[in-house]
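This is what each chain is made of:
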Amino acid sequence: QVRLVESGGGLAQTGGSLRLSCAVSGRTFSDYVMGWFRQAPGKEREFVAGISKSGGITSYADSVKGRFTISRDNAKNTVYLQMISLKPEDTAVYYCAARPPTLTRVAVRSSEYESWGQGTQVTVSS
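Numbering of residues begins from 1 in every chain and follows the order in which that chain's sequence is written. The model is predicted, so local features are restricted to residues of pLDDT at least 70 and side-chain atom pairs to those at 80 or more, both for listing and for counting; the totals for chains, interfaces and linings are taken over all residues. With hydrogens and water stripped out, all remaining heavy atoms of the structure feed into the side-chain values.

Draft legend 1. Representation of the nonpolar core. We define a nonpolar core as any set of buried Ala, Val, Leu, Ile, Met, Phe, Trp, Tyr and Cys residues linked to one another through side-chain atoms lying within 4.5 Å. Relative accessibility under 20% of the residue-type maximum defines a buried residue, over 50% an exposed one, and the middle range a partly exposed one, all with a 1.4 Å probe and only protein chains included. Residues Met34, Trp36, Leu81, Met83 and Tyr94 are the most contacted members of the largest nonpolar core, which totals 36 residues. Among the secondary structure elements, those contributing two or more residues to this core are strand E3 (18–25), strand E4 (34–39), strand E5 (46–51), strand E7 (68–73), strand E8 (78–83), strand E9 (92–98) and strand E11 (120–125). Here the element with the most residues in this core is E9; it accounts for five residues. For helices the rule is a DSSP run of H or I covering at least 4 residues; for strands it is a run of E covering at least 2, with both sets numbered from the N terminus onward.

The following block contains the structure:
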């Protein structure tokens with residue numbers, strides 16, 4: 001079973017930046033398609049970004065394109081989410097997630113990911 005631990009959340013001002021990290025342990029990290037999701041109070045969990053096993057394919061929600069960058073370091077068993085030009089509407093708990101290791105597509109639905117971290121809070125002040 002794979003374990004995911006997010007870090008790097010916190011408070012930022014509008015226009016600021018943060019970098020989230022998700023450390024993965026328990027299985028071979030490069031076997032997993034990874035994703036970042038977020039959930040704001042009173043809202044459903046939504047897809048933010050996803051990355052293929054090798055890192056060669058990425059996908060982004062329209063709301064974050066051009067501002068967020070997902071990347072991975074398979075040698076460090078870590079996936080990252082670099083966030084710039086932050087907006088108050090980016091405020092949410094951010095989760096990293098892993099797809100089942102047999103699957104290769106970068107999925108956007110949360111139901112297609114089977115392992116989740118505990119989440120890290122990102123708050124953007126106006």
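Draft legend 2. Spotlight on the environment of Thr14. Tracing the sequence through the fold places Thr14 in the loop between strand E2 (10–13) and E3. The spatial distance from the C-alpha of Thr14 to the C-alpha of Ile84 is 9.4 Å, given a sequence separation of 70 residues. Any two residues whose heavy atoms approach within 4.5 Å are treated as being in contact. Beyond its immediate chain neighbours, meaning those up to four positions away, Thr14 contacts Leu86, Pro88, Val124, Ser125 and Ser126. Here a polar contact means two N or O atoms within 3.5 Å. Within protein one must be a hydrogen donor candidate and the other an acceptor candidate, and residues neighboring in sequence count only if both atoms are side-chain atoms. A polar contact of 2.7 Å, which involves the side chain of Thr14, links it to the backbone oxygen of Ser125.

Draft legend 3. Quick look at the sheet that holds E8. A strand pair is defined by DSSP finding two or more bridges across the two strands. Across the sheet, four strands lie side by side as E1-E3-E8-E7; this open sheet has antiparallel pairing. Only two strands of the sheet have a single neighbouring strand rather than two, namely strand E1 (3–7) and E7. Put simply, the sheet's adjacent strands are angled 15° from each other on average, direction ignored. A fitted line through C-alpha atoms represents every axis, and for helices the fit uses only the stretch in contact; the resulting angles, taken between N-to-C directions, go from 0 to 180 degrees.

Draft legend 4. Quick look at the pairing of E5. Buried residues dominate E5, accounting for five of its six residues. Alignment of E4 against E5, held across five bridges, turns out to be antiparallel. Its bridge partner being in E5, Gly35 is matched across the sheet by Gly50. Counting the residues between successive antiparallel strands, the hairpin from E4 to E5 contains six residues, one of them, Gly42, with a positive phi of roughly 75°. Hairpin connection, E5 to strand E6 (residues 58–60): the antiparallel pair is bridged by six residues, and Gly55 has positive phi, about 90°.

Draft legend 5. View of unusual backbone geometry. With phi around 55°, Asn77 is a residue other than glycine that occupies positive phi space. Mapped onto the fold, Asn77 is located in the loop between E7 and E8. Phi is positive for Ser85, close to 50°, though the residue is something other than glycine. The exposure class assigned to Ser85 is partly exposed, which follows from its relative accessible area of 38%.

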